[in-house]
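# What the coordinates show
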Amino acid sequence: MRTLVRPAVLKTPRGRLVYWSMLAVALLAFTVAFVIPLYWMTTGGMKSSPELARTPPTYIPEEWHPGNYTDAWDELDLAKYFGNTLVLIGGAWLLSLAIQLPAAYALSKLRPRFGNLILGLMLVTLMVPATVLLIPTYLTVSDVPLLGINLINEPAAVWLPAAANAFNIYVLKNFFDQIPDDLLDAARIDGAGPLTAMWRITLPLSRPIIAVVSILSITALWRDFLWPLVVLPDPAKQPITVYLQRIADTTSLNLLIAGLVLASIPLVVIFLIFQRHILAGLTAGSLKG
């Protein structure tokens, strides 16, 4: 394997010194780039409003106010909007798996006629900016074709567009392609149908990539602002991201920052819990028999 630095150079004292020095500098730079915004946001929620608005800013709070977080939770009624967010994300996640897993399995293992054409049309949608699709998607959920149902101010207005994700289907299909067909053929000989083979063989082997797709979907849904703002005009039904933006002009800055910190905690916790599954899914490329 060729590298930027020859192995013979790395074996010399000077080569090892340069290598480890550059590695340490790179790790330190990336750590600082990621940690400083988190530190700034977390400590900002513990400052008083006058100190937070001071110029130049204080890097360490002169007076610590950890009670700002409990005040933000109580005064901003964050529990209610966390609940709204969980309903929207949970429903969209379950519906997306219910649609994307069978779609990817069918394209990968059942190989329907015109399957490549269908996959190509799905991938074409990835080339279209999301803002361009905003108006057509809004018109669709405001008057669902054939059913004539208006989904505005309903959770389904967020669930349905999130379920149609061509990127996730493509990622799942590529992973399913790595699963040997011999396993599925053996299941068919034993009398298993396509649905049983998918449920009992393909999905258990695909847990890492399902975890990756789930994390990507949940993260995108949690951070989404524009679409929930458009289809959920009722403030009582909005997720926490839209709610915090809506009250930004009427809320003290320290409580607002504390609310933003609390709103970001679930994503950090999810990543820390499932980081092994995420890394396994990203590095999984083949199966060993």
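Everything here concerns the structure above.
In this report, we go over the structure that sits alongside the text. (Residues numbered from 1 in each chain as written. Predicted model: local features only at pLDDT ≥ 70, side-chain atom pairs only at ≥ 80, totals over all residues. Heavy atoms only, no water.)

### Concerning the nonpolar core
Counted only if it meets this: By convention a nonpolar core is built from buried Ala, Val, Leu, Ile, Met, Phe, Trp, Tyr and Cys residues, the set being connected through side-chain atoms within 4.5 Å. Think of it in three bands: residues with accessible area under 20% of the maximum for their type are buried, residues over 50% are exposed, and the middle band is partly exposed, with areas taken using a 1.4 Å probe on protein chains only. Only DSSP runs of H or I reaching four residues or more are called helices, and only runs of E reaching two or more are called strands; each is numbered from the N terminus. Contacts are residue-level and defined by heavy atoms, with any inter-residue pair within 4.5 Å sufficient.
With 36 residues, the main nonpolar core has Leu 76, Leu 78, Val 158, Val 231, Ile 240, Tyr 243 and Leu 244 as its most contacted residues. Looking at which element gives the most residues to this core, the answer is helix H15 (residues 253-283), with 8 residues. Beyond its immediate stretch of four places on either side in the chain, Leu 244 contacts Leu 76, Leu 78, Leu 256, Gly 259, Leu 260 and Ala 263.

### Brief notes about the environment of Leu 151
The topology assignment puts Leu 151 in the loop between helix H7 (134-142) and helix H8 (156-163). Residue classification places Leu 151 among the buried residues on the basis of a relative accessible area of 11%. Taking the C-alpha atoms as reference, Leu 151 lies 9.4 Å from Leu 232; in sequence the two are 81 residues apart. Those residues in contact with Leu 151 that sit more than four places away from it in its chain are Val 141, Ser 142, Val 144, Ala 156, Ala 157 and Leu 160.

### Focus on the packing of aromatic side chains
Put simply, the test is: Side-chain rings of Phe, Tyr and Trp, where Trp is taken by its six-membered ring, are said to pair if the distance between their centres is within 6.5 Å; with planes under 30 degrees apart they count as stacked, over 60 as edge-to-face, and otherwise as tilted.
One pass over the structure, following the stated rule, counts 5 aromatic pairs. Ring centres 3.7 Å apart and planes at 10 degrees place the aromatic pair Tyr 81 and Tyr 243 in the stacked group. Pair noted here: Tyr 81 is in helix H5 (residues 78-110) and Tyr 243 is in helix H14 (residues 240-246), with a separation of 162 residues, a long-range link. Neither residue differs from the other here; Tyr 81 and Tyr 243 are each classed as buried.

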